[in-house]
Amino acid sequence: MRPRFVDGTLWLDGRPRFLITGEYPYYRDRPGRWAAKLAAVREAGIEVVTCYVPWRHHEVAGADGARRWCFEGDGNRDLAGFLHLVAAAGLLAVVKPGPFVHAELPFGGLPDRLSPALDPRRPAARSADGRPLTCQQHPLPSALDPAFLADAAGWLRAVGRFLRPFAHPRGPVVAAQIGNEGHYGESALPIDALDYAPPGADAFARFAPGLTPPTGTGADGLRSQIGWGRWSAEVLAAGMAGWAGALAPDLPVFTTCAPPARAERVPGRAAGRHDAWLARNRIGAAGALPRAYTSWTGDVLTDEEALIGYVLAAKAGPGPNIEENWGLRWAEPGCAFPVVPVHHTLLGVACGATGISVYPACATEGWGPHLAVDRTWLARTAGDPVPFEAPYGDGAPVRLDAGPGPAFAALRVLTHFLAGRQEALALSRPEPGVRWGVHPPYAAIGAWDWARDGERPVPSADRTLVPFVTHCLHRNLPFRLTELTGRSPLDPAAGPLATTSARFMERALQRRLAAFAAHGGALLLVGEPPALDEDLNRCTELADAALRSAAVAVVPGGRSVGAAVEDWLAGSAAAVRGRPAPWLELRRAARDPDEELVFLFNRTDAPLRARTACGEHLVTADLAAGGCAVVQVAHGRLGACYVKGLNERTGAGTPVRVGVGSDLLSADRPCDLSALRGPGGFEVRTAAAQGEARVVLAEGS
């Protein structure tokens, strides 16, 4: 049976599969090491190997100068041999052929011949102010240039033909990722970052006749900005769909979304970064392709901005986490300590991820000069060539010699729980809560917030969505993101709805929101009630509804969004309420109403005992500083649990103690623990800093 994604979850052989993946960059390693490392990866509890397939690595020139594709029999280009070993190890695979892959490779993995710096016939991708988009200071070709599109389609067709014999169930490959956070990572780039090259300008002119691309100079009209935002989302979606069609394997193909850019990554453009992300990625909307997310945000244990970005990426739409840093110390030093990637991983799962990733799962060395990043560039940018030199993944769970790395034991305990409750995780979803409605035209305008002086036509996401998410996380108020598109009625039974509101709003959306309130839906408008429609003609249908209905609340500019949310919910009939506590608490609801997964996160530097009610049952867990836990409550009993009781960064820990009602499971020392209830009792796996942990289920439990 062909694998397929259903609502973000991979179904394999007729059953839902929670993906437990680990990245093995085979092209960076010597083939003689592949088998031992794959065995070690399997021993760590990873079930699916992911790997980029770099174009520049597999395109080779023959003696006559003609280019050919090499996927077999040539050292670490032997992708066929690698996939055979993956299958022999009892593993599955997800391949990621780009075309642009980044992966700390020269030119993002593209062949040098595609560079506009080497071939002046190729237009470079450019920003509004004419700067070329670069990878390691090398200009990238416009992704809309017909010549580049033809080259990329040729590469992907070659990969697709190669993959067919390896597609599940004949082989180990169960899915393919297309692109890499967009064509060139633009899912997190500012709205003016690309593509203002001639191919982009021509494409925009066809998409929005009569409009000119906005530049942020102050002369742009709202129609131009809205059109550019719509086009940016359309180009991204259509580009990924086109590439998926070129690949055309007998496999499901998905794409990826990055978190919003961190402020320091976009100097001078930070004010519009959340809106650009909302506009370009169609957050909360169903797309033509399934979507995964990456999670390069920083350390959520110590950084509030990282926490907000991470949660937004995980809640952007149902799908797996496909890249979580477990081994690249130069990217985030905290990830050298397992407490950080474990905390990140469980946070993503709590927010709805349908799979986890260990990136990279093993350290590698032995790649050729064509995959070595230019040392001169490293000296100019990093000041030190060490980060991209061997071993790649110096903190990975599997060491260069295939032995266990510092995160190996912690990973084995985590994967024991995830694999043991795979179907519950695959089918459960985050508990319903407040919906935040994303309005793409507002995001398209707000994305230019950095370019404005004086009055702004819409409140930006920095002043609406971000305070809303911050409040929800601090008050443990469940929420989700949904896009306000289409013309179908908004369902009041789906929960209360908050959204940005400005002086104008499409007449059709005003009617839908007014009807939502008229049918009993609780509605919060952050901003001013609209007085105009999309053509800037007078339209007060929603403003009139706000005056008529007590179910509609308005947050005027300058008022705290968090306080307004609390007042709104307290005055509405909605059953959604927060659970204020010193810990972060998120939940996933199972199909069985008597089952729930409770996730608890301690972001403080002191241990604490978390206590929360799940129905009429009390759930307790002792959390180490920076520790986390997930407790499965099943029909009033402790069905399973995972606890990160060790904090490797501080060297401290807390003896595990988890309770549900009268069930109490405890360990005699600080440790990581996974416990799965079965017919004969609990199956337990632990990892302690010293000795073996003894786990006891209280008598009578």
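Note: the structure precedes this text.
Residues numbered from 1 in each chain as written. Predicted model: local features only at pLDDT ≥ 70, side-chain atom pairs only at ≥ 80, totals over all residues. Heavy atoms only, no water.

**As for the overall build of the chain**
Working step 1: A tally of regular secondary structure across the chain gives 17 helices and 33 strands.
Working step 2: Computed over C-alpha atoms, the radius of gyration of the chain comes to 25 Å, within 12% of the 27 Å expected from 2.2 N^0.38 for 701 residues, which places it in the range of a compact globule.
Working step 3: Projected onto the principal axes, the alpha-carbon positions of the chain cover approximately 80 × 70 × 50 Å.
Working step 4: Residue burial in the chain is summarised as follows: out of 701 residues, 61% are buried.
Working step 5: Long-range contacts, defined here as pairs at least 24 residues apart, represent 74% of the contacts in the chain between residues at least 6 apart.
Working step 6: When the accessible surface of the chain is totalled, it reaches about 25,600 Å², and 52% of it is carbon and sulfur.
Working step 7: Averaging the positions of the 71 positive and the 72 negative side-chain charges in the chain gives two centres separated by 2 Å. (Helix = DSSP H or I, 4+ residues; strand = E, 2+ residues; numbered from the N terminus. Rg over C-alpha atoms; globule rule 2.2 N^0.38 Å. Buried < 20%, exposed > 50% of the residue type's maximum accessible area, 1.4 Å probe, protein only. Contact = heavy atoms within 4.5 Å. Areas by Shrake-Rupley, 256 points an atom, 1.4 Å probe, with all protein chains shown as cover. Lys, Arg positive; Asp, Glu negative; His and termini not counted. Charge placed at Lys NZ, Arg CZ, Asp CG, Glu CD.)

**Section: helix α14 (residues 465-475)**
Note: α-helices contain 3.6 residues per turn, so residues at a spacing of three or four share the same orientation.
Working step 1: Counting buried positions along α14 gives eight out of eleven residues, so the element sits mostly inside the fold.
Working step 2: Taken residue by residue, α14 has L465, V466, F468, V469, T470, H471, C472 and L473 as its buried positions.
Working step 3: Where α14 is buried, its residues meet α7 (273-281), α8 (304-314), β17 (434-438), β18 (479-483), α17 (561-570) and β22 (584-589).
Working step 4: Following α14 by one or two positions, N476 adopts a phi angle in the positive range, close to 55 degrees.

**Topic: the packing of helix α5 (residues 198-207) against helix α6 (residues 222-247)**
Working step 1: As a packed pair, α5 and α6 sit with axes 10 Å apart at the nearest point and diverge in direction by 110 degrees. Of the possible angle classes, the one that applies to α5 and α6 is roughly perpendicular. Between α5 and α6, the residues in contact are G200, A203, F204 and F207 and S224, G227, W228, R230, W231 and E234, respectively. (Axes fitted to C-alpha atoms, helices over the stretch in contact; angles between N-to-C directions. Parallel < 35°, antiparallel > 145°, perpendicular 65-115°, else oblique.)

**Comments concerning the packing of helix α1 (residues 31-43) against helix α3 (residues 79-88)**
Working step 1: At a minimum axis separation of 10 Å, α1 and α3 run at an interaxial angle of 30 degrees. One finds that α1 runs roughly parallel with respect to α3. Classified by chirality, the crossing of α3 by α1 is right-handed. On the side of α1, the interface is formed by W34, A35 and L38, while α3 contributes G81, F82, L85 and V86.
Working step 2: Among the residues forming the contact of α1 with α3, the class breakdown is six nonpolar, one polar and no charged. (Left-handed = near helix turned anticlockwise from the far one by under 90°. Nonpolar A, V, L, I, M, F, W, Y, C, P; charged D, E, K, R; others polar.)

**Focus: the nonpolar core**
Working step 1: Ranked by size, the top nonpolar core spans 153 residues in total, and within it F82, L347 and F468 carry the most contacts.
Working step 2: Counting residues per element, this core draws most heavily on α6, at nine residues.
Working step 3: Those residues in contact with F82 that sit more than four places away from it in its chain are Y24, Y26, W34, L38, V49 and C51.
Working step 4: In this structure, V598, A610, V631 and V643 belong to the second largest nonpolar core, which totals 25 residues. (Core = buried A, V, L, I, M, F, W, Y, C linked by side-chain atoms within 4.5 Å.)

**Looking at the sheet that holds strand β11 (residues 173-177)**
The strands that make up a sheet are held in pairs by hydrogen bonds between backbone atoms, and each pair lies either parallel or antiparallel.
Working step 1: Overall, parallel pairing links the eight strands, which are arranged β14-β13-β12-β11-β8-β5-β4-β15 in an open sheet. Two strands bound the open sheet, and with one partner strand each, they are β14 (321-323) and β15 (355-358). The average undirected angle you get between the axes of adjacent strands in this sheet is 35 degrees.
Working step 2: The sheet contact formed by strand β4 (residues 19-23) and β15 spans four bridges and is parallel. Residue pairing in the sheet places G22 in a bridge with V358 of β15. (Pairing = 2+ DSSP bridges.)

**Structural notes on the pairing of strand β19 (residues 497-501)**
Working step 1: Within β19, five of the five residues are buried, which leaves it mostly tucked inside the rest of the structure.
Working step 2: Every second residue of β19 is oriented toward a common face, with L497, T499 and S501 on one face and A498 and T500 on the other, all of them buried.
Working step 3: Relative to β19, β17 is paired through three bridges, and the arrangement is parallel. Bridging across to β19, R435 finds its partner in L497.
Working step 4: Strand direction decides the pairing type here: β19 and strand β20 (residues 523-527), joined by five bridges, are parallel. Bridge pairing links L497 to L523 in β20.
Working step 5: In this fold, the crossover linking β19 to β20 by way of helix α15 (residues 507-518) has right-handed handedness. (Right-handed = clockwise from strand over helix to strand, strands pointing away.)

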